[in-house]
Amino acid sequence: MDRALDVAGAGSLSELIELTGTADSVVTLADFGASAYGVRLSLGRFGGQPDGVHGLTSAAALADRGRFRVPVREIYPAHQAARAHETAARPPRRGKVVLDLTRTG
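Residues numbered from 1 in each chain as written. Predicted model: local features only at pLDDT ≥ 70, side-chain atom pairs only at ≥ 80, totals over all residues. Heavy atoms only, no water.

K.L.:
Can you lay out the pairing of strand β4 (residues 72-77) for me, pointing to particular residues and giving the numbers?
P.N.:
Within a regular strand, the side chains alternate between the two sheet faces. Bridge analysis of β4 against strand β5 (residues 96-100) gives 5 bridges, and the strand direction is parallel. Bridge pairing in β5 links proline 77 to aspartate 100. (Pairing = 2+ DSSP bridges. Helix = DSSP H or I, 4+ residues; strand = E, 2+ residues; numbered from the N terminus.)

Printed below as a string of structure tokens:
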């Protein structure tokens, strides 16, 4: 693993550093204790990074090149939003639960 993005803030920074090999390869959006690990905390608009989409272009470019993947646990059509929410609340919490607004049936 070359890079890691922490969006959970669930105390996994030390593991992410171990996986990537360096704190410079880890960015968190949710762990406010990041500086203790030498990890960069990205605060979006609250940190002077307008509109909170500062890393979206970079992430999309990396995804296009196959260098950034978000594990997906399950995809639900819009009419199953309640079921998607139930799945997201239930362990194991590995991978994202996606609500596909383009699928209606």
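K.L.:
I'd like to hear about the nonpolar core, residue by residue, with values.
P.N.:
Judged by nonpolar contacts, Ala4, Leu13, Leu16, Ile17, Ala23, Val26, Ala34 and Val39 together constitute the single largest core of 8 residues. Looking at this core element by element, the count peaks at 3 residues for helix α1 (residues 13-20). In contact with alanine 4, not counting residues within four places along its chain, are Leu16, Thr20, Ser25, Val26 and Val27. (Core = buried A, V, L, I, M, F, W, Y, C linked by side-chain atoms within 4.5 Å. Buried < 20%, exposed > 50% of the residue type's maximum accessible area, 1.4 Å probe, protein only. Contact = heavy atoms within 4.5 Å.)

K.L.:
Tell me about α1, and please be specific about residues and values.
P.N.:
Among all positions in α1, only Leu13, Leu16, Ile17 and Thr20 are buried. Buried residues of α1, viewed axially, fall in a sector of 100°; they line one side. When the buried face of α1 is taken as reference, the exposed residues oriented beyond 90 degrees from it are Glu18 and Leu19. Among the structural elements, β1 (4-6) and β2 (26-28) are those in contact with the buried residues of α1. Phi for glycine 21, located one or two positions after α1, is positive at around 95°. (Arc of directions from axis to C-beta.)

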